[in-house]
Amino acid sequence: MAEYWNAELETMPWVDVERWQAEQVTAMLVALRQRSRLYARLHAALRDDLAVRSAADLAALPFTLKDDLRIAQQAASDAAPLGDNQAVTRADLVQAISSSGTTGQPLYYGLSARDVEVFADAVANVWFTAGIRSDDVVAHLVGLPMVAGGLPYADGFRRLGATLCWLGGFPTERILREMRHLRVTALLATTSFALHLAEQWDAVGSETGIVSCLRKVIGGGEPGLAQPALRRRIAGGLALTHLRETMGLGDVMPSMWGECEAEAGMHFNAQRYVMVELVDPDSGATLPWRDGTTGELVYTTFARDATPVVRYRSRDHAEVIAMRCACGRTSPRIRCIGRTDDMLIYKGMNVFPTAIRDLVTARFAGRVEPLLRLWKESAGQVRFDGAIAVDVEASAPLDDAQRAALARGIEAAVRTQLQVRVAVTVLDRGGLPRGVYKNAIVAVRDAAPAAGKDSKR
Ligand SMILES: [Zn+2]
C-alpha cells in the first residue's frame with residue numbers, strides 16, 4: 001500500500017490538479033500587480049477579469065525570464081532590499097535566500113512567515129516521495145545555510161519528522177565519521193559526493209568500528225543519477241535500498257521533484273503551491289504532458305508572498321518519462337536532460353554536456369568513472385568549431401599507451417553517436433572534483449581554481 005504526504009493532491013487526476021491550480025492562479029493575479037512592481041510592469045496589459053481556467057489559459061500570461069528578476073533586483077532600495085519583485089513589506093520578510101551564483105551575480109529571494117511554512121511542507125513532500133520517513137536520521141551536507149539547498153532543505157527534513165544532522169561545513173573526513181557515530185540512515189548529497197562516499201565508506205567503517213546504518217541516498221544538485229552505471233556504483237558501494245533523485249529551483253521552490261519507489265523519473269511534488277508547464281524552448285509554445293515529450297519547465301508560484309514568479313522560464317530541459325506510475329501518484333514523471341545555461345553549440349548544432357557525459361559513462365562503464373568535465377576557453381563561450389576538451393577518469397591504473405587508446409576510443413564513440421568532436425584527457429581515478437553542493441559539468445580554463453566557490457567540502 002503506497003503512502004503519500006498529501007494523498008488528495010498526489011492521487012487526483014492530473015487534469016483536475018491543473019484545474020484547481022488554475023483557480024488559485026486566477027485568484028492572485030490582480031493583487032499581484034498591486035504587490036509587485038515587476039508584475040505591475042510585466043502584466044500591465046492584462047485585463048482585471050482575466051480568468052485562468054486551465055493550464056492552456058496560462059499561455060495568455062507573459063513569461064518571466066531570469067533577466068527580468070535581475071533587473072527587478074537592481075531596483076533594490078532601503079525599503080525594498082529585494083528590489084521590484086519584493087511583494088511584501090520589509091517587516092513581513094523573515095528570511096532571505098541567495099542563489100548559488102554559479103552563473104553570474106547571485107540573485108536574492110525572500111520568504112514571509114507563510115512562505116517558510118509553504119517551503120517546509122513542499123520540500124517535506126519531496127523527501128517523503130523519495131522515501132524518507134520520520135524514523136530516519138538524515139545527514140544534510142550543504143554547508144551554506146543561505147542557499148536554497150541550505151536552511152529550506154533542513155526545514156523540510158524537520159517538518160517530515162526525520163532527525164536532522166546538519167554536517168555541512170565540516171571537512172569531508174569529519175562528515176564521514178559523524179555519519180557513522182550518529183547512525184545516519186539517509187543522506188542528501190550531490191551525485192558526485194555520493195560516489196566519493198561509496199569509495200570511502202568502508203574505510204570509515206573500519207576506523208570507527210561502527211556498522212553502516214546508511215540505507216537511503218537522495219541525490220540532487222546535479223543531474224546524473226538517471227545513469228544506470230552510476231546508480232549501480234553508488235548503490236552497490238553503500239549497500240543501499242533507496243537511491244532517489246530530486247530536483248528543484250532556488251528561484252521557485254528549492255525542491256519540487258522527487259523519485260518514488262519505481263526509481264524511474266521524478267514526480268512533481270509541489271502541486272499544492274506551484275503550477276508547472278512544459279514549453280517548447282524555442283517557440284515558447286505550451287506542450288502537452290505526454291510520455292516522451294521533451295521541453296523546458298516553466299513554473300508559476302500561486303502561494304508565494306515575498307518574491308512570487310509567474311510563468312518563470314527555468315532553463316531546465318526535461319523529458320516526460322510517464323504520466324502514470326505504479327505508486328499511484330498522478331503527477332508527471334520526468335528526467336532532467338540539461339540546462340539551457342550549459343548548452344553548447346558545436347558547428348551550429350545544440351549539444352548538452354550531459355548528453356556527452358551520459359554517452360561516455362554508459363558506453364565505457366567499468367573503464368571510466370561516471371563523471372566527466374568539459375572545458376570552455378572563457379565563461380561566455382557557447383560556440384565550438386574545434387574539438388571540445390573533455391576530461392574523464394580511468395577506473396583502473398593505465399599505462400600511457402592504454403590511456404591514449406581509451407581516449408581515442410571515447411573520441412570515436414562521441415563523434416559517431418553525437419556528431420561532435422571531443423579531445424579526451426584520461427585522468428587518474430579521483431582526478432575530478434567531488435563537491436557536496438552543485439558540481440558544474442562545464443569548467444572554464446581562464447577562471448579561478450576548478451574547485452569553484454560552490455564545491456565546499
Ligand atoms: Zn511513482
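Predicted, not measured: the structure shown is a model, and the values here were computed from it.

1. A few points about the overall build of the protein
In terms of helices and strands, the protein carries 11 helices and 21 strands. By the compact-globule yardstick of 23 Å for 457 residues, the protein fits well, its C-alpha radius of gyration being 22 Å. In terms of overall dimensions, the protein has a C-alpha envelope of 70 × 55 × 45 Å along the principal axes. Here the protein holds 457 residues, and the buried ones make up 56% of them. Contacts in the protein between residues far apart in sequence, at least 24 positions, make up 67% of those at least 6 positions apart. In the form shown here, the protein has an accessible surface area of approximately 18,700 Å², with 52% of it arising from carbon and sulfur atoms. Side-chain charges in the protein split into 53 positive and 53 negative, and the spacing between the mean points of these groups amounts to 2 Å.

2. Regarding the environment of Gln 419
One can find Gln 419 in the loop between helix 11 (400-418) and strand 20 (422-427). In this structure, the C-alpha to C-alpha distance between Gln 419 and Asp 399, residues 20 residues apart in sequence, is 29 Å. In this structure, Gln 419 is in contact with Tyr 346, Met 349 and Val 414, ignoring residues within four places of it in sequence. A polar side-chain atom of Gln 419 sits 3.0 Å from the main-chain carbonyl oxygen of Thr 416.

Cut-offs and rules
- Residues numbered from 1 in each chain as written.
- Predicted model: local features only at pLDDT ≥ 70, side-chain atom pairs only at ≥ 80, totals over all residues.
- Heavy atoms only, no water.
- Helix = DSSP H or I, 4+ residues; strand = E, 2+ residues; numbered from the N terminus.
- Rg over C-alpha atoms; globule rule 2.2 N^0.38 Å.
- Buried < 20%, exposed > 50% of the residue type's maximum accessible area, 1.4 Å probe, protein only.
- Contact = heavy atoms within 4.5 Å.
- Areas by Shrake-Rupley, 256 points an atom, 1.4 Å probe, with all protein chains shown as cover.
- Lys, Arg positive; Asp, Glu negative; His and termini not counted.
- Charge placed at Lys NZ, Arg CZ, Asp CG, Glu CD.
- Polar contact = N/O pair within 3.5 Å; in protein donor to acceptor, adjacent residues only side chain to side chain.

Remember that the coordinates give geometry; whether it matters functionally is a separate question.
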